[in-house]
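This is what each chain is made of:
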Amino acid sequence: MNSVVVAGSINMDVVTTADRHPKIGETVAGRKVLFLPGGKGANQAIAASRLGAPTTLIGCIGRDAFGGDLRSFLAATKIDLTFLRETADAGTGTAIITVAGGDNVIVVVPGANADVNADDVAAPPLAAGDIAVSQFEIPQPAIKAFFERARAAHATTILNPAPALPCDREFLNLADILILNETELGFFAGTNIGPADDPATIIAAARSLRSDSDQIICVTLGARGFIALTRGEAHIEPGRAITAVDTTGAGDCFVGAVAAQLAQGSSIREALHYANVAASICAQRLGAAPSMPSVDEIAAYL
Ligand code: RIB
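Notes on the structure in this doc start here. (Residues numbered from 1 in each chain as written. Predicted model: local features only at pLDDT ≥ 70, side-chain atom pairs only at ≥ 80, totals over all residues. Heavy atoms only, no water.)

## Description of the site of the ligand
Now for step 1: Taken together, 13 residues lie near the ligand, and D13, G39, K40, E137 and D252 sit nearest.
Now for step 2: In this structure, N11 approaches the ligand through a side-chain N or O atom, which is 3.0 Å from an oxygen atom.
Now for step 3: Within the backbone of G39, one N or O atom sits 2.9 Å away from an oxygen atom of the ligand.
Now for step 4: Counting residues per element, the ones that place at least two in the shell around the ligand are β2 (11-18) and α1 (40-50).
Now for step 5: Looking at the shell around the ligand residue by residue, the class counts come to three nonpolar, six polar and four charged. (Near = heavy atom within 4 Å. Polar contact = N/O pair within 3.5 Å; in protein donor to acceptor, adjacent residues only side chain to side chain. Helix = DSSP H or I, 4+ residues; strand = E, 2+ residues; numbered from the N terminus. Nonpolar A, V, L, I, M, F, W, Y, C, P; charged D, E, K, R; others polar.)

Shown next as structure tokens:
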């Protein structure tokens, strides 16, 4: 079996739940505050590891209480933390999240995640067939160095360009597989894409991003499922009917599940179908990293 290697962010998610989101300038009463492990990199690594792939996480945390808690949480998983670095120069990444009615708003303070650099991604082993995964919560030069190494090793690169940030088109071309949501697709395609847009519009925008006909692009659409371009063909799969409790981390679950499935030899179509089920389970629970499903839970649905 191949491995999944994730270079990405590790955050403490400070989650408040409320009956509704406040308007700008308004105060509303919340119900509870939770301190939950998160960060797109950690979430994706946890999903991949729980779903059976040997997984390594490359990242950086601060030498503070949140960093200690996150290290303890991660140490209780099977993830290889050899390349998890601590810095005294910045606090651990923190995300302030409000969840109301199943929807969330998030403000992320990168802290130590902004310290991840090309040296951090230089040492972890990468072999042919491994899956290298990253997102946009660590600096782009580190991601570029990571993906160039992965390409040289004949590993498969998966980029989840979230949150959407300006970058060169060549940068997106370093991804064998791009997984992004409709808002991010709109950002990179230079157009507005929203829940009201039909599949043809989404497919056209996705095609405009593709660097070559081999690049796979998957657009996750929340409750509407996903649309993927694989070898030029568009493939649409609807979302599973669920009552969402908290969608935080559901996209990360999708990415981690795709990586884990590919590492275990599944086809891209099989991996995407599996990830669609995984993400729907994640969205039915509060929190990101702790909500990643197990192999057995997904098997029950499949
Ligand atoms: O994708 C969800 C994640 O985004 C949260 O866990 C939060 O930490 C932010 O990074």
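The rest of the description comes next.
## Some details on the nonpolar core
Now for step 1: Ranked by internal contacts, the top residues of the largest apolar core, which has 49 residues, are V4, I158, F254 and V258.
Now for step 2: Looking at which element gives the most residues to this core, the answer is helix α8 (residues 268-282), with ten residues.
Now for step 3: When near neighbours in sequence (up to four residues on either side) are disregarded, I158 contacts I131, A132, V133, S134, F147, I177, I179, V255, V258, A259 and L262.
Now for step 4: If you look at the next biggest cluster of nonpolar residues, it comprises 39 residues, including L178, I203, I217 and L229. (Core = buried A, V, L, I, M, F, W, Y, C linked by side-chain atoms within 4.5 Å. Buried < 20%, exposed > 50% of the residue type's maximum accessible area, 1.4 Å probe, protein only. Contact = heavy atoms within 4.5 Å.)

## Points about the sheet that holds strand β13 (residues 233-237)
Now for step 1: Taken in spatial order, the nine strands of this open sheet run β5-β4-β1-β8-β9-β10-β11-β12-β13, and their pairing is mixed. Each end of this open sheet is capped by a strand with a single partner; those strands are β5 (84-87) and β13. The sheet shows a mean angle of 15° between the axes of neighbouring strands, taken without regard to direction.
Now for step 2: Where strand β8 (residues 131-135) meets strand β9 (residues 156-160), five bridges bridge the pair, whose relative direction is parallel. Within the sheet, the bridge partner assigned to Q135 lies in β9 and is N160.
Now for step 3: With respect to the sheet, helix α5 (residues 182-189) is in contact with β9, β10 (177-181) and β11 (216-220), its orientation differing from that of β10 by roughly 110°. (Pairing = 2+ DSSP bridges. Axes fitted to C-alpha atoms, helices over the stretch in contact; angles between N-to-C directions.)

## With respect to the pairing of β9
Now for step 1: When you tally the buried positions in β9, you get four out of five residues, the bulk of the element.
Now for step 2: Strand direction decides the pairing type here: β9 and β10, joined by two bridges, are parallel. Residue pairing in the sheet places L159 in a bridge with L178 of β10.

## Description of the packing of aromatic side chains
Now for step 1: This model, assessed by the stated rule, comprises six aromatic pairs.
Now for step 2: Centre to centre, the rings of F136 and F188 are 6.3 Å apart; their planes meet at 70°, and the pair counts as edge-to-face. Pair noted here: F136 is in the loop between β8 and α3 (140-152) and F188 is in helix α5, with a separation of 52 residues, a long-range link. For the residue pair F136 and F188, the accessibility class agrees, reading buried in each case.
Now for step 3: Measuring from ring centre to ring centre gives 5.1 Å for F187 and F188, while their planes differ by 85°; the resulting arrangement is edge-to-face.
Now for step 4: Members of the aromatic cluster, joined through ring pairs, are F136, F171, F187 and F188. (Phe/Tyr/Trp six-rings, centres within 6.5 Å; stacked < 30°, edge-to-face > 60°.)

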